[in-house]
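Below, each chain spelled out in residue letters.
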Amino acid sequence: MRQFHIQSPDETFRPAVQEKIDNLNKPKGALGELENLAMQVCLVQQTLTPSLASPCHLLLGGDHGIEREGVSVSPREVTWQQMVNFTHGGGGVNLFCRQHGFRLYIVDVGVDHDLSGVAGIIDRKIARGTRNFLYEAAMTEEEYDRAVDVGAALADECADGGCRVLCVGEMGIANTSPSSIWMSLFCQIPLDECIGAGAGLDALGIRHKREVLAQAVARFQSQYPAADVPTVVSYFGGYEMVTAIGAMLRAAERKVIVLVDGFIMTACALAACRLCPEVRHYMVFGHAGDESGHRRMLDALDARPLLSLGIRLGEGTGALCAFPILDSAVRMVNEMNNFANAKITKYF
(Lines give C-alpha, C1' and ligand atoms only; values in the text may rest on other atoms or scores of the structure.)
Protein backbone atom coordinates (compact mmCIF):
# COMPACT_ATOMS: atom_id res chain seq x y z
CA MET A 1 0.00 0.00 0.00
CA ARG A 2 1.42 3.36 -1.07
CA GLN A 3 2.41 5.77 1.68
CA PHE A 4 2.16 9.52 1.22
CA HIS A 5 4.35 11.97 3.12
CA ILE A 6 2.48 15.26 3.11
CA GLN A 7 3.97 18.17 5.01
CA SER A 8 1.85 20.72 6.79
CA PRO A 9 2.71 24.24 5.57
CA ASP A 10 5.35 26.05 7.61
CA GLU A 11 3.33 28.34 9.89
CA THR A 12 6.34 30.52 10.68
CA PHE A 13 5.72 32.15 7.31
CA ARG A 14 2.21 33.30 8.32
CA PRO A 15 3.20 36.68 9.88
CA ALA A 16 4.96 37.77 6.69
CA VAL A 17 1.90 36.90 4.60
CA GLN A 18 -0.41 38.64 7.05
CA GLU A 19 1.73 41.77 6.99
CA LYS A 20 1.55 41.93 3.20
CA ILE A 21 -2.22 41.39 3.16
CA ASP A 22 -2.80 43.97 5.90
CA ASN A 23 -0.74 46.58 4.05
CA LEU A 24 -2.68 46.34 0.81
CA ASN A 25 -4.56 49.59 0.25
CA LYS A 26 -7.88 48.53 1.77
CA PRO A 27 -9.41 48.44 5.24
CA LYS A 28 -8.03 45.58 7.29
CA GLY A 29 -10.01 42.43 6.52
CA ALA A 30 -12.19 44.22 3.96
CA LEU A 31 -11.78 41.50 1.33
CA GLY A 32 -13.00 38.81 3.68
CA GLU A 33 -12.72 35.26 2.39
CA LEU A 34 -10.35 36.37 -0.37
CA GLU A 35 -7.82 37.22 2.30
CA ASN A 36 -8.20 33.78 3.87
CA LEU A 37 -7.74 32.11 0.50
CA ALA A 38 -4.68 34.21 -0.25
CA MET A 39 -3.20 33.23 3.10
CA GLN A 40 -3.82 29.54 2.39
CA VAL A 41 -2.20 29.63 -1.05
CA CYS A 42 0.78 31.66 0.17
CA LEU A 43 1.37 29.21 3.02
CA VAL A 44 1.10 26.19 0.73
CA GLN A 45 3.55 27.69 -1.75
CA GLN A 46 5.67 29.45 0.92
CA THR A 47 5.81 32.64 -1.11
CA LEU A 48 4.44 36.20 -1.06
CA THR A 49 3.84 35.99 -4.82
CA PRO A 50 1.69 32.87 -5.29
CA SER A 51 0.70 31.39 -8.64
CA LEU A 52 -2.15 29.33 -10.06
CA ALA A 53 -0.20 28.49 -13.19
CA SER A 54 -1.19 25.70 -15.59
CA PRO A 55 -4.44 24.62 -13.89
CA CYS A 56 -5.46 21.05 -14.66
CA HIS A 57 -8.70 19.12 -14.37
CA LEU A 58 -8.93 15.34 -14.10
CA LEU A 59 -12.25 13.89 -15.28
CA LEU A 60 -12.29 10.28 -14.04
CA GLY A 61 -14.82 7.72 -15.27
CA GLY A 62 -15.90 4.47 -13.62
CA ASP A 63 -18.96 2.27 -13.17
CA HIS A 64 -20.38 0.75 -9.99
CA GLY A 65 -21.71 -2.73 -9.34
CA ILE A 66 -24.30 -1.35 -6.93
CA GLU A 67 -26.02 0.31 -9.92
CA ARG A 68 -27.50 -3.14 -10.67
CA GLU A 69 -29.69 -2.72 -7.58
CA GLY A 70 -31.62 0.21 -9.04
CA VAL A 71 -30.17 2.86 -6.73
CA SER A 72 -29.85 5.44 -9.51
CA VAL A 73 -32.39 6.90 -11.91
CA SER A 74 -29.74 6.82 -14.66
CA PRO A 75 -28.63 3.57 -16.34
CA ARG A 76 -24.95 2.71 -16.38
CA GLU A 77 -24.55 3.22 -20.13
CA VAL A 78 -24.82 6.95 -19.47
CA THR A 79 -21.30 6.78 -18.02
CA TRP A 80 -19.61 5.73 -21.25
CA GLN A 81 -21.92 7.86 -23.40
CA GLN A 82 -20.98 10.96 -21.43
CA MET A 83 -17.29 10.06 -21.54
CA VAL A 84 -17.50 10.04 -25.34
CA ASN A 85 -19.46 13.30 -25.26
CA PHE A 86 -16.66 14.91 -23.27
CA THR A 87 -14.20 14.13 -26.06
CA HIS A 88 -16.39 16.18 -28.41
CA GLY A 89 -16.31 19.16 -26.07
CA GLY A 90 -20.03 18.98 -25.34
CA GLY A 91 -20.14 18.53 -21.57
CA GLY A 92 -20.47 21.03 -18.77
CA VAL A 93 -16.92 20.18 -17.72
CA ASN A 94 -15.68 21.10 -21.20
CA LEU A 95 -17.15 24.57 -21.31
CA PHE A 96 -15.95 25.50 -17.83
CA CYS A 97 -12.44 24.18 -18.53
CA ARG A 98 -12.36 26.27 -21.70
CA GLN A 99 -13.71 29.31 -19.87
CA HIS A 100 -11.14 29.20 -17.08
CA GLY A 101 -8.12 27.86 -18.96
CA PHE A 102 -7.91 24.39 -17.43
CA ARG A 103 -6.21 21.55 -19.25
CA LEU A 104 -8.71 18.67 -19.26
CA TYR A 105 -7.67 15.04 -18.87
CA ILE A 106 -10.50 12.57 -19.63
CA VAL A 107 -9.50 9.28 -18.01
CA ASP A 108 -11.20 5.88 -18.07
CA VAL A 109 -10.29 4.04 -14.88
CA GLY A 110 -13.28 1.70 -14.67
CA VAL A 111 -16.00 2.30 -17.25
CA ASP A 112 -18.03 -0.78 -18.20
CA HIS A 113 -17.47 -0.25 -21.91
CA ASP A 114 -14.57 -0.51 -24.34
CA LEU A 115 -13.34 3.06 -24.79
CA SER A 116 -9.81 2.09 -25.80
CA GLY A 117 -10.27 3.29 -29.37
CA VAL A 118 -11.85 6.63 -28.52
CA ALA A 119 -9.52 9.53 -29.27
CA GLY A 120 -9.20 11.91 -26.36
CA ILE A 121 -9.77 9.34 -23.59
CA ILE A 122 -6.75 8.25 -21.56
CA ASP A 123 -6.97 4.49 -20.93
CA ARG A 124 -6.10 3.61 -17.34
CA LYS A 125 -8.87 1.05 -16.94
CA ILE A 126 -8.54 -1.14 -13.86
CA ALA A 127 -11.66 -3.21 -14.56
CA ARG A 128 -15.01 -2.81 -16.28
CA GLY A 129 -16.82 -1.50 -13.23
CA THR A 130 -16.60 -2.50 -9.59
CA ARG A 131 -18.34 -5.48 -8.02
CA ASN A 132 -21.69 -5.14 -6.29
CA PHE A 133 -20.93 -4.17 -2.68
CA LEU A 134 -24.33 -5.42 -1.57
CA TYR A 135 -22.77 -8.89 -1.75
CA GLU A 136 -18.98 -8.45 -1.78
CA ALA A 137 -16.21 -5.88 -1.73
CA ALA A 138 -16.34 -3.49 -4.66
CA MET A 139 -12.63 -3.99 -5.38
CA THR A 140 -9.69 -6.07 -4.27
CA GLU A 141 -6.75 -4.71 -2.30
CA GLU A 142 -4.65 -4.94 -5.46
CA GLU A 143 -7.21 -2.92 -7.44
CA TYR A 144 -7.38 -0.34 -4.67
CA ASP A 145 -3.60 0.07 -4.72
CA ARG A 146 -3.60 0.36 -8.50
CA ALA A 147 -6.31 3.05 -8.45
CA VAL A 148 -4.35 5.09 -5.89
CA ASP A 149 -1.21 4.75 -8.00
CA VAL A 150 -3.04 5.80 -11.17
CA GLY A 151 -4.31 8.92 -9.40
CA ALA A 152 -0.86 9.74 -8.06
CA ALA A 153 0.68 9.32 -11.51
CA LEU A 154 -1.90 11.65 -13.05
CA ALA A 155 -1.19 14.26 -10.37
CA ASP A 156 2.53 13.90 -11.08
CA GLU A 157 1.96 14.46 -14.79
CA CYS A 158 0.09 17.66 -14.02
CA ALA A 159 2.65 18.89 -11.48
CA ASP A 160 5.54 18.08 -13.81
CA GLY A 161 3.88 20.35 -16.37
CA GLY A 162 3.87 23.27 -13.94
CA CYS A 163 0.37 22.83 -12.51
CA ARG A 164 -0.20 24.70 -9.24
CA VAL A 165 -3.92 23.97 -8.85
CA LEU A 166 -5.60 20.65 -9.56
CA CYS A 167 -9.33 20.09 -9.87
CA VAL A 168 -10.83 16.58 -9.92
CA GLY A 169 -14.24 15.51 -11.23
CA GLU A 170 -16.02 12.24 -11.82
CA MET A 171 -18.39 10.46 -14.16
CA GLY A 172 -19.91 7.31 -12.68
CA ILE A 173 -23.57 6.38 -12.40
CA ALA A 174 -24.54 5.43 -8.81
CA ASN A 175 -21.47 6.97 -7.16
CA THR A 176 -23.58 8.92 -4.67
CA SER A 177 -24.21 5.53 -3.00
CA PRO A 178 -20.62 4.84 -1.88
CA SER A 179 -20.23 8.53 -1.09
CA SER A 180 -23.18 8.36 1.31
CA ILE A 181 -21.78 5.28 3.00
CA TRP A 182 -18.32 6.81 3.40
CA MET A 183 -19.93 9.90 4.91
CA SER A 184 -21.93 7.80 7.37
CA LEU A 185 -19.04 5.59 8.47
CA PHE A 186 -16.34 8.26 8.62
CA CYS A 187 -18.49 10.97 10.22
CA GLN A 188 -20.60 8.70 12.44
CA ILE A 189 -23.82 10.10 10.96
CA PRO A 190 -26.90 7.84 10.58
CA LEU A 191 -26.97 6.44 7.05
CA ASP A 192 -30.49 7.68 6.31
CA GLU A 193 -29.31 11.25 6.86
CA CYS A 194 -26.55 10.79 4.28
CA ILE A 195 -28.66 9.49 1.39
CA GLY A 196 -30.31 11.76 -1.16
CA ALA A 197 -31.83 11.75 -4.61
CA GLY A 198 -28.59 11.47 -6.55
CA ALA A 199 -29.34 12.19 -10.19
CA GLY A 200 -33.07 12.56 -9.51
CA LEU A 201 -34.67 9.68 -7.59
CA ASP A 202 -38.24 10.19 -6.41
CA ALA A 203 -39.37 9.44 -2.84
CA LEU A 204 -39.94 5.75 -3.59
CA GLY A 205 -36.53 5.50 -5.24
CA ILE A 206 -34.81 7.14 -2.26
CA ARG A 207 -36.53 4.69 0.09
CA HIS A 208 -35.30 1.76 -2.00
CA LYS A 209 -31.79 3.21 -2.08
CA ARG A 210 -31.79 3.50 1.70
CA GLU A 211 -32.88 -0.11 2.10
CA VAL A 212 -30.20 -1.42 -0.27
CA LEU A 213 -27.38 0.63 1.27
CA ALA A 214 -28.46 -0.26 4.81
CA GLN A 215 -28.29 -3.97 3.92
CA ALA A 216 -24.85 -3.50 2.40
CA VAL A 217 -23.50 -1.66 5.46
CA ALA A 218 -24.98 -4.24 7.85
CA ARG A 219 -23.32 -7.08 5.94
CA PHE A 220 -20.01 -5.21 5.84
CA GLN A 221 -20.03 -4.44 9.56
CA SER A 222 -20.81 -8.04 10.40
CA GLN A 223 -17.67 -9.06 8.48
CA TYR A 224 -15.45 -6.13 9.50
CA PRO A 225 -16.54 -4.85 12.93
CA ALA A 226 -13.40 -2.69 13.29
CA ALA A 227 -12.50 -1.86 9.70
CA ASP A 228 -9.70 0.58 8.94
CA VAL A 229 -9.99 3.40 6.41
CA PRO A 230 -8.55 1.54 3.38
CA THR A 231 -10.94 -1.36 3.99
CA VAL A 232 -13.96 0.96 4.08
CA VAL A 233 -12.77 2.82 1.00
CA SER A 234 -12.07 -0.30 -1.07
CA TYR A 235 -15.19 -2.18 0.00
CA PHE A 236 -17.60 0.50 -1.18
CA GLY A 237 -15.69 2.86 -3.46
CA GLY A 238 -15.54 3.22 -7.20
CA TYR A 239 -12.34 3.13 -9.22
CA GLU A 240 -12.83 6.77 -10.19
CA MET A 241 -13.27 7.71 -6.53
CA VAL A 242 -10.15 5.91 -5.29
CA THR A 243 -8.19 7.33 -8.21
CA ALA A 244 -9.36 10.79 -7.12
CA ILE A 245 -8.08 10.10 -3.60
CA GLY A 246 -4.68 9.12 -4.95
CA ALA A 247 -4.57 12.27 -7.07
CA MET A 248 -5.51 14.50 -4.13
CA LEU A 249 -2.89 12.98 -1.85
CA ARG A 250 -0.10 13.13 -4.41
CA ALA A 251 -1.02 16.70 -5.41
CA ALA A 252 -0.71 17.76 -1.78
CA GLU A 253 2.60 15.91 -1.53
CA ARG A 254 3.73 18.01 -4.51
CA LYS A 255 2.37 21.18 -2.81
CA VAL A 256 -0.36 21.68 -5.40
CA ILE A 257 -3.67 23.25 -4.37
CA VAL A 258 -6.59 20.80 -4.66
CA LEU A 259 -9.90 22.36 -5.73
CA VAL A 260 -12.70 20.13 -4.40
CA ASP A 261 -16.09 19.80 -6.11
CA GLY A 262 -19.47 18.64 -4.76
CA PHE A 263 -20.84 15.70 -2.80
CA ILE A 264 -18.88 12.88 -4.38
CA MET A 265 -15.53 14.68 -4.51
CA THR A 266 -16.08 15.92 -0.95
CA ALA A 267 -16.52 12.28 0.08
CA CYS A 268 -13.21 11.53 -1.64
CA ALA A 269 -11.62 14.49 0.16
CA LEU A 270 -13.03 13.15 3.44
CA ALA A 271 -11.50 9.73 2.79
CA ALA A 272 -8.19 11.33 1.82
CA CYS A 273 -8.19 13.30 5.09
CA ARG A 274 -8.87 10.14 7.07
CA LEU A 275 -5.89 8.51 5.35
CA CYS A 276 -3.56 11.50 5.73
CA PRO A 277 -4.94 14.47 7.73
CA GLU A 278 -2.27 16.89 6.46
CA VAL A 279 -3.88 16.88 3.01
CA ARG A 280 -6.62 19.13 4.38
CA HIS A 281 -4.26 22.16 4.30
CA TYR A 282 -4.10 21.92 0.50
CA MET A 283 -7.85 21.75 -0.16
CA VAL A 284 -10.11 24.56 -1.31
CA PHE A 285 -13.79 23.60 -1.36
CA GLY A 286 -15.55 25.04 -4.37
CA HIS A 287 -19.21 24.26 -4.00
CA ALA A 288 -21.94 23.06 -1.64
CA GLY A 289 -24.51 21.10 -3.64
CA ASP A 290 -28.06 20.06 -2.95
CA GLU A 291 -27.36 16.39 -2.23
CA SER A 292 -28.64 15.38 1.19
CA GLY A 293 -25.97 15.71 3.86
CA HIS A 294 -23.36 17.52 1.79
CA ARG A 295 -23.18 20.49 4.13
CA ARG A 296 -22.83 18.17 7.12
CA MET A 297 -19.90 16.48 5.43
CA LEU A 298 -18.35 19.88 4.74
CA ASP A 299 -18.85 20.78 8.39
CA ALA A 300 -17.03 17.59 9.41
CA LEU A 301 -14.09 18.80 7.33
CA ASP A 302 -14.33 22.35 8.74
CA ALA A 303 -14.75 23.46 5.14
CA ARG A 304 -16.30 26.71 3.93
CA PRO A 305 -17.39 26.24 0.31
CA LEU A 306 -17.01 29.24 -1.97
CA LEU A 307 -20.29 28.76 -3.83
CA SER A 308 -23.77 27.36 -3.32
CA LEU A 309 -25.47 27.39 -6.72
CA GLY A 310 -27.61 24.27 -6.56
CA ILE A 311 -25.26 22.50 -8.99
CA ARG A 312 -25.51 18.68 -8.91
CA LEU A 313 -24.02 17.80 -12.27
CA GLY A 314 -20.77 16.33 -10.99
CA GLU A 315 -17.82 16.28 -13.40
CA GLY A 316 -16.08 18.86 -11.18
CA THR A 317 -18.26 21.65 -12.54
CA GLY A 318 -19.00 23.32 -9.21
CA ALA A 319 -15.30 23.56 -8.38
CA LEU A 320 -14.48 24.94 -11.83
CA CYS A 321 -17.13 27.62 -11.37
CA ALA A 322 -15.45 28.58 -8.08
CA PHE A 323 -12.00 28.93 -9.61
CA PRO A 324 -12.35 32.67 -10.46
CA ILE A 325 -12.80 33.41 -6.75
CA LEU A 326 -9.56 31.63 -5.94
CA ASP A 327 -7.94 33.46 -8.84
CA SER A 328 -9.19 36.78 -7.44
CA ALA A 329 -7.58 36.01 -4.10
CA VAL A 330 -4.21 35.35 -5.73
CA ARG A 331 -4.50 38.44 -7.93
CA MET A 332 -5.32 40.50 -4.84
CA VAL A 333 -2.11 39.58 -3.07
CA ASN A 334 -0.01 39.93 -6.24
CA GLU A 335 -1.49 43.00 -7.94
CA MET A 336 -3.11 45.24 -5.34
CA ASN A 337 -1.08 48.26 -4.33
CA ASN A 338 -0.06 48.92 -0.75
CA PHE A 339 -0.48 52.04 1.37
CA ALA A 340 3.13 53.19 1.02
CA ASN A 341 3.33 52.91 -2.75
CA ALA A 342 -0.10 54.47 -3.23
CA LYS A 343 0.78 57.32 -0.83
CA ILE A 344 -2.37 56.68 1.19
CA THR A 345 -2.41 57.23 4.93
CA LYS A 346 -2.58 53.93 6.75
CA TYR A 347 -5.31 54.53 9.29
CA PHE A 348 -5.19 51.39 11.40
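In case you missed it, the structure is sitting above this.
## Here's the deal with the packing of helix H9 (residues 239-253) against helix H10 (residues 263-275)
Their axes nearest at 9 Å, the elements H9 and H10 cross at an angle of 55°. Judged by the angle between their axes, H9 and H10 are oblique. Handedness of the H9/H10 crossing: right-handed. For the pair H9 and H10, contact is made by Met241, Ala244, Ile245, Met248 and Leu249 and by Ile264, Met265, Cys268, Ala269, Ala271, Ala272 and Leu275, respectively.

## Here we look at H9
Over its 15 residues, H9 extends 21 Å from the first C-alpha to the last, a length consistent with the 21 Å expected when each residue adds 1.5 Å. Most of H9 sits out of view: 15 of its 15 residues are buried. Directly after H9, the chain includes Lys255, whose backbone phi takes a positive value near 65°.

## A few points about the nonpolar core
Ranked by internal contacts, the top residues of the largest apolar core, which has 125 residues, are Leu166, Trp182, Phe236 and Met283. Setting aside residues up to four positions removed in sequence, Phe236 forms contacts with Phe133, Ala138, Pro178, Ile181, Trp182, Leu185, Ala216, Val217 and Phe220.

## Observations regarding unusual backbone geometry
Notably, Asp302 is not glycine yet its phi reads approximately 50°, a positive angle. Tracing the backbone shows Asp302 in the loop between helix H11 (294-300) and helix H12 (317-335). Despite not being glycine, Glu315 shows a phi value in the positive range, around 70°. As for its placement among the helices and strands, Glu315 is situated in the loop between H11 and H12.

## Here's the deal with the sheet that holds strand S3 (residues 121-123)
Either a parallel or an antiparallel arrangement is found when strands of a sheet pair, and the pairing is made through backbone hydrogen bonds. Spatial ordering of the open sheet is given by S3-S2-S1-S4-S5-S6, a layout of six strands whose pairing is parallel. With one partner strand each, in any of the chains shown, S3 and strand S6 (283-285) form the two edges of the open sheet. Sheet twist, expressed as the average angle between the axes of neighbouring strands with direction ignored, equals 30°.

## What about the pattern of salt bridges?
Note on pairing: side chains with opposite charge can pair once their charged atoms come close. Per the stated rule, a full pass over the model turns up 18 salt bridges. A salt bridge links Glu33 to Arg304; its shortest N-O distance comes to 3.3 Å. With Glu33 in helix H2 (residues 32-45) and Arg304 in the loop between H11 and H12, this pair connects stretches of sequence that are 271 residues apart. Overlapping salt bridges, with partners in common, bring together Glu67, Arg68, Arg76, Asp112 and Arg128 in one network.

Basis of the calculations
- Residues numbered from 1 in each chain as written.
- Predicted model: local features only at pLDDT ≥ 70, side-chain atom pairs only at ≥ 80, totals over all residues.
- Heavy atoms only, no water.
- Axes fitted to C-alpha atoms, helices over the stretch in contact; angles between N-to-C directions.
- Helix = DSSP H or I, 4+ residues; strand = E, 2+ residues; numbered from the N terminus.
- Parallel < 35°, antiparallel > 145°, perpendicular 65-115°, else oblique.
- Left-handed = near helix turned anticlockwise from the far one by under 90°.
- Contact = heavy atoms within 4.5 Å.
- Expected span 1.5 Å × (residues − 1).
- Buried < 20%, exposed > 50% of the residue type's maximum accessible area, 1.4 Å probe, protein only.
- Core = buried A, V, L, I, M, F, W, Y, C linked by side-chain atoms within 4.5 Å.
- Pairing = 2+ DSSP bridges.
- Salt bridge = Lys/Arg side-chain N within 4 Å of Asp/Glu carboxyl O.

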